[in-house]
Structures are given as C-alpha cells and as structure tokens.
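Each chain, letter by letter, is given below.
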Amino acid sequence: MELRQLRYLDAVARHRSFTHAALDLHIAQSALSQQVRRLERELGVELLRRTTRRVEVTEAGELVLARARRALAEVDGIRADLDALQGLARGTLRLGGVPPVGPVHPAALIADFSRAHSGVAITVREDVAFTLLAQLRNRCLDLVMALVDPDDLDGLEGVRLLEEELVVIAPLDHPLARAKRVRAERLTGEALVSYGVGSTLRDELLALVPGGRVVAEANDLETVRELTARGLGVTLMPRSVVASHGDRLAIRPLSPRRVLPVSLVWRADERPTPTVQAFREHVLSTMRT
C-alpha cells in the first residue's frame, strides 16, 4: 500500500469521477485507474463501484478512506512543520482565483509574492466560485479569492478585501444604452449572456432576472464581454473589468446600486502554514496600501 494510492482513492471519492480526479491530480486517467485497482487487489475488497454515470464509494471504501485521510493529514502535517522550520525558504501555495476585479490585479499580487519568496512553488487555478470553494473545503486549495461574503460560507472564513459595483453592459446600439441608470425590471425579456453554473455573477444576474433567457454562457470574462459587445445580449459585470471598454460597450449602473464583496477565503479552525499566512498578510498589506 502506497501513500499515492491513498491520495488517488481520496481524489476519486471526492470527485466521484476518475476523469475529474485525474485532471485534479495531473496524471493520466489510465494510470489512476490502474493504481486504484492495484490497491483493491492488495486489500482484497472493492473500494469503488463504477457505474456509467459516476463512481460510488463502497462501505469498505468508506472505512479505508476514513483511515487514509487521517494518514494523509499527518503526512501533510509533516510537510507543514518542515516548512515552518525552514521559514519561507521553501513551501507550496495553491490558490484559487477570479478574473481581475478591483484596483489590484490578482496576478500582480501573486507575482510580487513570488519575487519576494522565490522558493515557494505557487499553483493557480481559475474556475467558478462554487467549484473553487469546494476544492478549498476538500483541501485541494489553500486560499481562494472570490466574489463571495465569507460570513455566508460553511466551514470557511475570510476577509472582505473590497466591494465591486455591478453594472449592466450592452451593445452601443442597444435601447438600454440610452438610459442613465437601468432598473432590474428593464432586463426582463432581454437576451442574456451569462457565466457558467456555479458562478456568483450568474447567480446575481438570474436573481435580478428570474427565468431570464440565457442565449450564451462562458466562464471567461473576456468572452462574455466580447459576445455582449457584438450584440448577442446583455449582462452584468464588475465595473472595474469594463471601465476601459466604454468605446465598445454601453456601461450603465443599476438602480438601486448593487455591489458584491471581493474576499480572500480559507478553511476555518485550521492553523495556516507559514507560506499561507505570509500570502494572506501580503494581500491584506497590499490592499491597505
């Protein structure tokens, strides 16, 4: 029995999918399946039940996972203790992030930190907030920056960095472009360009326009912005993301004004590693400045 086999089993159980687990682990799906089958042969029990749609954990698998996760937590604890001993001479940092919002680009925060701590290996993952927060809870990420309120999140805590105003964007020749401000009811019946399921911005858009007609969706803000500029529909976007695109888009505030918090989030009741703590302090210090 090898530690990597236990990590593989844990990943498949969390994702309920060999495909998604392999992507998360950055290994070939065939290699992942082979190692899990090898572990099952060694233990003499079926740990995972494969179906055409998803993977289910067997009763035996749950028993093995309970001990495996404790063992993996201890191993991760060893790494954290050694990182603490070495200070920030080395370490790892796994970040989940959102596209640029606010006055400070997340990429600038990360690059500045990396230059100051060259021994820290940093990985960054972008996705919708729902997915990133799930990965944070599952210990696949150390920190997440997202358009969420930390007070509304179970098992997580964090700090609000700033507030982002949401604005309506529309093609320049759209009727909404003639309004100074846009009330939510004006969006009823409009074709909507939306973000993917699990995105905070999608939730905000469909909360304003219940049952709205979504004609296109994308997780990339630039794609959403481009589809809107080319006349496919209208949408909501953080003001800072579109402020420099007034030559191609009509940018109108909502009435009443609507804002979302931009927050840095971590797991509650967990002692951060020196690397994670240092990045948290770096972000807070930069935002205060």
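Look above for the structure.
Before going into details, it helps to say that this report is about the structure given with it. Residue indices follow the written sequence of each chain, beginning from 1 at its first position. The model is predicted, so local features are restricted to residues of pLDDT at least 70 and side-chain atom pairs to those at 80 or more, both for listing and for counting; the totals for chains, interfaces and linings are taken over all residues. Only heavy atoms go into the side-chain values, all of them from the structure, while hydrogens and water stay out.

1. Description of the overall build of the chain
Moving on, step 1. By definition, any uninterrupted DSSP run of H or I lasting at least four residues is a helix, any uninterrupted run of E lasting at least two residues is a strand, and each is numbered from the N terminus. When helices and strands are counted, the chain shows 10 helices and 12 strands.
Moving on, step 2. Viewed in the frame of its principal axes, the chain has a C-alpha envelope of about 70 × 50 × 30 Å.
Moving on, step 3. Across the 289 residues that make up the chain, the buried fraction comes to 45%.
Moving on, step 4. The long-range fraction of contacts in the chain, counting pairs at least 24 apart against all pairs at least 6 apart in sequence, stands at 67%.
Moving on, step 5. Carbon and sulfur atoms provide 50% of the accessible area of the chain, an area that totals close to 15,200 Å².
Moving on, step 6. Across the chain, the mean location of the 40 positive side-chain charges is 2 Å away from that of the 38 negative side-chain charges. We call a residue buried when its accessible area falls under 20% of the maximum for its residue type, exposed when it is over 50%, and partly exposed in between, using a 1.4 Å probe and counting protein chains only. What makes two residues a contact is simply this: any of their non-hydrogen atoms within 4.5 Å. Computed with the Shrake-Rupley method and a 1.4 Å probe, the accessible areas treat only the protein chains shown as cover for residues. Positive charges come from Lys and Arg alone, negative charges from Asp and Glu alone, with His and the N- and C-terminal ends not counted. Every charge is mapped onto a representative atom, which is NZ of Lys, CZ of Arg, CG of Asp or CD of Glu.

2. Thoughts on the side chain of Glu164
Moving on, step 1. Positionally, Glu164 belongs in strand E6 (residues 156–171).
Moving on, step 2. At 7.2 Å, Arg239 is the nearest oppositely charged side chain to Glu164, a buried residue that forms no salt bridge.
Moving on, step 3. Side-chain atoms alone can form a polar contact between residues adjacent in sequence; in general such a contact is a pair of N or O atoms within 3.5 Å, and within protein one must be able to donate a hydrogen while the other accepts it. Within the local environment of Glu164, its side chain forms a polar contact with the side chain of Ser240, the two groups lying 2.5 Å apart. Should a side-chain nitrogen of Lys or Arg be within 4 Å of a carboxyl oxygen of Asp or Glu, the pair is scored as a salt bridge.

3. Thoughts on the pattern of salt bridges
Moving on, step 1. For the structure on display, the rule yields 19 salt bridges.
Moving on, step 2. For Arg54, the salt bridge identified is with Glu56, shortest N-O distance 3.4 Å.
Moving on, step 3. Judged by relative accessible area, which is 31%, Glu56 ranks as partly exposed.
Moving on, step 4. A single network of salt bridges, built from pairs that share partners, joins Asp10, Arg14 and Arg69.

4. Things to note about the environment of Thr188
Moving on, step 1. Among the structural elements, Thr188 can be located in the loop between strand E7 (182–183) and strand E8 (191–194).
Moving on, step 2. On the accessibility criterion, Thr188 (57% relative accessible area) is exposed.

5. Remarks on the side chain of Arg225
Moving on, step 1. Structurally, Arg225 can be placed in helix H8 (residues 221–229).
Moving on, step 2. Arg225 has contacts with Ile169, Met237, Val241, Val242, His245 and Leu249, leaving out every residue within four places of it along the chain.

6. Concerning the nonpolar core
Moving on, step 1. Definition used in this section: a nonpolar core is a set of buried Ala, Val, Leu, Ile, Met, Phe, Trp, Tyr and Cys residues joined via side-chain atoms within 4.5 Å. One finds Leu93, Leu143, Met237, Val242 and Phe279 to be the most contacted residues of the largest nonpolar core, which totals 48 residues.
Moving on, step 2. It is E6 that provides the largest number of residues to this core, a total of seven residues.
Moving on, step 3. Grouped together as the second largest cluster of nonpolar side chains are 19 residues, Tyr8, Ala22, Leu39 and Leu47 included.

7. Regarding the environment of Glu164
Moving on, step 1. For Glu164, a relative accessible area of 5% puts it in the buried group.
Moving on, step 2. Distance in space between the C-alpha atoms of Glu164 and Pro175 is 25 Å, their sequence separation being 11 residues.

8. Details of H8
Side chains of residues three or four places apart in an α-helix project in the same direction, reflecting 3.6 residues per turn.
Moving on, step 1. Within the sequence span of H8, burial applies to Leu221, Val224, Arg225, Thr228 and Ala229. The buried residues of H8 occupy an angular sector of 130° when the element is viewed end-on, so they sit on one face.
Moving on, step 2. Buried-residue contacts for H8 involve E6, E8, helix H7 (200–208), strand E10 (235–238), helix H9 (239–242) and strand E11 (249–255).
Moving on, step 3. Where H8 ends, the next residue or the one after it, Gly231, has phi of about 90°, a positive value. Arc, as used here, means the arc of the directions from the helix axis to the C-beta atoms.

9. With respect to a nonpolar patch on the surface
Moving on, step 1. Every patch collects residues that have over 30% relative accessible area and no salt bridge, joining them within 9 Å if they carry like charges and within 5 Å if they are nonpolar side chains (Val, Leu, Ile, Met, Phe, Trp, Tyr). Among the surface-exposed residues, Met1, Leu43 and Val45 lie close enough to one another that they form a single nonpolar patch of about 240 Å² accessible area.
Moving on, step 2. With respect to the secondary-structure elements, Leu43 resides in helix H3 (residues 29–43).

10. Observations regarding the packing of aromatic side chains
Moving on, step 1. Note on aromatic pairs: the rings of Phe, Tyr and Trp (six-membered ring only in Trp) are paired at centre separations within 6.5 Å, and the planes decide the class, stacked below 30 degrees, edge-to-face beyond 60, tilted for the rest. Per the stated rule, a full pass over the model turns up one aromatic pair.
Moving on, step 2. Aromatic pair Phe113 and Phe279: ring centres 5.2 Å apart, planes at 85°, arrangement edge-to-face. Placement of the pair is Phe113 in helix H5 (residues 106–116) and Phe279 in helix H10 (residues 274–288), with a sequence separation of 166 residues.
Moving on, step 3. Phe113 gets classed as buried once you look at its relative accessible area, which sits at 2%.

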